[in-house]
Amino acid sequence: MAKSKSTASDDLVALTDTNNPSLTACQPEFAPGTGLSEGAYAEVADELGKVLADSFQLFIKTQGVHWNVAGAAFYGLHKLTEEQYGEIYAAIDEIAERIRALGHKAPASYTTYGRLSSISDEDRPIDTGQQVAMLMRDNGLVCQTLRDALDIAEEHGDIVTADLLTRRLGDHEKYVWMLRMQIA
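Residues numbered from 1 in each chain as written. Predicted model: local features only at pLDDT ≥ 70, side-chain atom pairs only at ≥ 80, totals over all residues. Heavy atoms only, no water.

Here we take up the nonpolar core. If you look at the biggest cluster of nonpolar residues, it comprises 45 residues, and the most contacted ones within it are Leu52, Ile95 and Leu165. Looking at this core, the elements that each hand over two or more residues are α2 (38–68), α3 (74–101), α5 (128–155) and α6 (159–183). Non-local contacts of leucine 165, meaning those with residues more than four positions away in its chain, are made with Leu48, Val51, Leu146, Ala149, Leu150 and Ala153. (Core = buried A, V, L, I, M, F, W, Y, C linked by side-chain atoms within 4.5 Å. Buried < 20%, exposed > 50% of the residue type's maximum accessible area, 1.4 Å probe, protein only. Helix = DSSP H or I, 4+ residues; strand = E, 2+ residues; numbered from the N terminus. Contact = heavy atoms within 4.5 Å.)

Looking now at the pattern of salt bridges. Tallied over the full model, the rule gives 11 salt bridges. Residue glutamate 94 is joined to arginine 167 by a salt bridge in which the shortest nitrogen-to-oxygen separation is 3.0 Å. Taken together, the positions of glutamate 94 in helix α3 and arginine 167 in helix α6 put the pair 73 residues apart, joining distant regions of the chain. What makes arginine 167 partly exposed here is its relative accessible area of 40%. The salt bridge partner of arginine 98 is aspartate 158, with a shortest N-O separation of 2.9 Å. Residue arginine 98 is located in helix α3, and its partner aspartate 158 is located in the loop between α5 and α6; the two are separated by 60 residues in the primary sequence. Each member of the pair arginine 98 and aspartate 158 is classed as buried. (Salt bridge = Lys/Arg side-chain N within 4 Å of Asp/Glu carboxyl O.)

As far as function goes, none of this settles anything; it's purely spatial.
Okay, here's the thing in structure tokens:
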């Protein structure tokens, strides 16, 4: 007997079927089996969740400065923040994928990011010097979150995560330096 073709509406029903166990909103964690202890996977993933939250908050704020910068420093700061938010955006995906590779769900809501992030949510009209100072401060906060997560990854021998965090730390230290040069 020939198998009938599925239609787009059949596919939609399958994707929204609440009885389909593979589509539940809260899928169980999986054990990657890559050499870390169960506790290590959870602890490193939790720390990466904080890094992800900080990165997302910083991405939004950096893009906000990019959109709203004005004055004599406009062109240089506009280009610099565009480069930085582009790099941060790419890092967000890499961090989230690492959390998934560790067998855990990556945080994915504004509410969760607000709870996990060390970066305050602020959107107020400020001058260019204040914008740069805000981004320097927030990149510094990301550096601290990265250092904390790096300590945990190294404690558990997770060299893959440690490498990712070390690269990100170098990037954010560079961002602080480049921003500082905008107002030097």
